[in-house]
Structure formats: structure tokens, C-alpha cells
Amino acid sequence: MQREVNGVTVEVVQGDISDQEDVVAVVNAANARLQTGGGVAGAIHRAAGPGLAEECRPLAPISPGEAVITGAHGLPNDHVIHTLGPVYGQDRPEEELLARCYRNSLALAEENVVASVAFPAISTGVFGYPLEDAAEVALRVVLDETQKLEGVRLVRFVLFSDRDAEVFEGKLSELAEGRG
Ligand code: ADP
């Protein structure tokens, strides 16, 4: 599902973040150490190979809401943007910290002349952020940011399950209404 807002295509798909070969940058739901782990970080580091962890080492640790950019190594993209989401119920204010993840990731994409970015649903795995609330924050921030984006022309949300994709689709159609 897609919506065009301020000249930017915002879309929601079901899929694997490590298998998005038609976007310039993919976003990693990273840990503070920027090393491999479960979920998104595991999939990205597995597909990228050990060079990614090596490039990440001097950039770590990062704090919730922060983002850093690296090469993509074995992934079919040009860059990986690593951002640390808030742990729900622990890193506060969680809504602002989650919003910063998306804002800072998009700012890095702009600085690096990246035309297309794919995000996973940051913080909604082991970090425990309820999916609907996370979808609301993610989509609101991205739709707001479309007003300022100059180089980024596609923002894709990649959800691992059909059910999660449906939640994001519902939110996108609700929030994009009237913004076209
Ligand atoms: P966090 O630590 O920020 O919560 P996780 O990686 O644990 O990050 O999970 C974030 C979200 O990404 C969860 O909704 C999870 O189901 C989903 N996810 C896990 N693996 C993948 C993948 N390979 N591609 C896309 N999404 C994934």
C-alpha cells in the first residue's frame, strides 16, 4: 500500500528488511553496541557479513533516539542507518525517543543524498513497544517530515508479519487522509 505525501511516496509492505534490494538505505533496529543480535539486527548483520560489525565498532555505543550511518557490505543496498529505539517502559519519554529515531535516520539519509529508505518497526520486538502506538509515532513523524525532505523520495515500512503490516496500513491510510 502506498500514499504520496508532499511528493514523497510512503509505503507499507510485508517482508524482510534484509531483502530490500531496490532501496538505497535500510534502517537497522540496532542495539547500543551496534552489534548483531536477534530480530532486525540479526538479519541485517547476517546478510551484511562481519565487515558491518567491524565498521560499527568505533561508532558505538549510541543512545536511544540516536542514528549513525555505515556502508551496507554484503547487503544489496548502499548504506545501513543504525538507530537505537527506546526500551518500552524504561527509556523515557519513549514517544519522543522513538520519534527521534525516525527523524535522525531521515536526516542522515538527506545528508548522504539517499533517495529511498526502508524502516523496520523500531522498538516493537524485544524492546516491547506496542505495535499500534509505535505505528502512530512512526507514521506521524515520517508524514510530517515529508514537508522538509529534498532528496528522499521513497520511505518504505517493512513489517515482518501480515498482521503488523495491516496495522501500519490502517494507520497510514488514517494519517495520510487529506495530506495528499
Ligand atoms: P527492537 O529491539 O527495536 O524491538 P527487533 O529487531 O527486536 O527490534 O524488532 C523490531 C520489529 O522488527 C519487530 O516487530 C519484529 O517482528 C520485526 N522484525 C524482526 N525481524 C525482521 C526482519 N528480518 N525484517 C523486518 N522486520 C523484522
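You'll find the structure just up there.
The paragraphs below set out a description of the structure included in this document. (Residues numbered from 1 in each chain as written. Predicted model: local features only at pLDDT ≥ 70, side-chain atom pairs only at ≥ 80, totals over all residues. Heavy atoms only, no water.)

We now examine the sheet that holds strand E3 (residues 25–29). Taken together, seven strands build an open sheet; the order of strands is E1-E2-E7-E6-E3-E5-E4 and the sheet is mixed. Strands with a single pairing partner mark the edges of an open sheet, and in this sheet they are strand E1 (2–5) and strand E4 (67–71). Each strand axis lies, on average, 20 degrees off the axis of its neighbour in the sheet, ignoring direction. Most of the contacts of helix H4 (residues 131–145) go to strand E7 (residues 154–159), to which it runs at about 170 degrees, and overall it touches E1, strand E2 (8–14) and E7. (Pairing = 2+ DSSP bridges. Helix = DSSP H or I, 4+ residues; strand = E, 2+ residues; numbered from the N terminus. Axes fitted to C-alpha atoms, helices over the stretch in contact; angles between N-to-C directions. Contact = heavy atoms within 4.5 Å.)

Around the ligand, 15 residues are found, and the nearest of them are Ile17, Val40, Ser123, Thr124 and Gly125. Interatomic distance of 2.9 Å between a backbone N/O atom of Ile17 and a nitrogen atom of the ligand. A distance of 3.1 Å separates an oxygen atom of the ligand from a polar atom in the backbone of Phe127. Expressed as a share of its isolated accessible area of 560 Å², the protein-covered part of the ligand is 89%. A majority-of-atoms criterion places the ligand in the largest pocket. (Near = heavy atom within 4 Å. Polar contact = N/O pair within 3.5 Å; in protein donor to acceptor, adjacent residues only side chain to side chain. Areas by Shrake-Rupley, 256 points an atom, 1.4 Å probe, with all protein chains shown as cover. 1 Å grid on protein atoms, 1.4 Å probe; cavity = no way out; pocket = protein on both sides within 12 Å on 5 of 7 lines; lining within 4 Å. Sits in = over half its atoms within 2 Å of the grid points.)

It is worth spelling out helix H3 (residues 94–111) at this point. If you check H3, its first and last C-alpha atoms are 26 Å apart, about what 18 residues at 1.5 Å a residue would give, namely 26 Å. All of the buried residues in H3 are Glu94, Leu97, Leu98, Ala99, Cys101, Tyr102, Ser105, Leu106, Leu108 and Ala109. In this structure, the buried residues of H3 make contact with E3, E4, strand E5 (79–83), strand E6 (116–119), H4 and E7. Looking at the residues trailing H3, positive phi occurs at Val113, about 50 degrees. (Expected span 1.5 Å × (residues − 1). Buried < 20%, exposed > 50% of the residue type's maximum accessible area, 1.4 Å probe, protein only.)

Take the environment of Ala135 next. Turning to its location among the elements, Ala135 is positioned in helix H4. Assessed through its relative accessible area of 0%, Ala135 is described here as buried. Every residue in contact with Ala135, bar those within four places of it in the chain, is listed here: Val167, Phe168 and Lys171.

Okay, the environment of Ser63 next. Relative to the assigned elements, Ser63 resides in the loop between helix H2 (50–56) and E4. A relative accessible area of 36% means that Ser63 is categorised as partly exposed.

Turning next to the layout of surface pockets. Its boundaries defined by the atoms lining it, the largest pocket holds a volume of some 570 Å³. Forming the boundary of the largest pocket are 25 residues, of which Ala29, Gly39, Val40, Ala121 and Gly125 lie nearest the centre. Considering only residue class, the lining of the largest pocket consists of 14 nonpolar, eight polar and three charged. Space inside the second largest pocket adds up to approximately 180 Å³. Taken together, 13 residues make up the lining of the second largest pocket; nearest its centre are Glu95, Glu96, Ala99, Tyr129 and Val137. Secondary-structure elements contributing two or more residues to the lining of the second largest pocket are H3 and H4. Among the residues making up the lining of the second largest pocket, the classes are represented as five nonpolar, no polar and eight charged. (Points joined across faces, edges and corners; volume = space filled by probe spheres on them. Nonpolar A, V, L, I, M, F, W, Y, C, P; charged D, E, K, R; others polar.)

Bringing the packing of H4 against helix H5 (residues 162–176) into the picture now. At a minimum axis separation of 9 Å, H4 and H5 run at an interaxial angle of 45 degrees. Between H4 and H5, the crossing angle belongs to the class labelled oblique. As H4 packs across H5, the resulting crossing turns out to be right-handed. Contacts from Leu131, Glu132, Ala135, Glu136, Ala138, Leu139, Arg140 and Leu143 of H4 reach H5 at Asp164, Val167, Phe168, Lys171, Leu172, Leu175 and Ala176. Considered class by class, the residues forming the contact of H4 with H5 number ten nonpolar, no polar and five charged. (Parallel < 35°, antiparallel > 145°, perpendicular 65-115°, else oblique. Left-handed = near helix turned anticlockwise from the far one by under 90°.)

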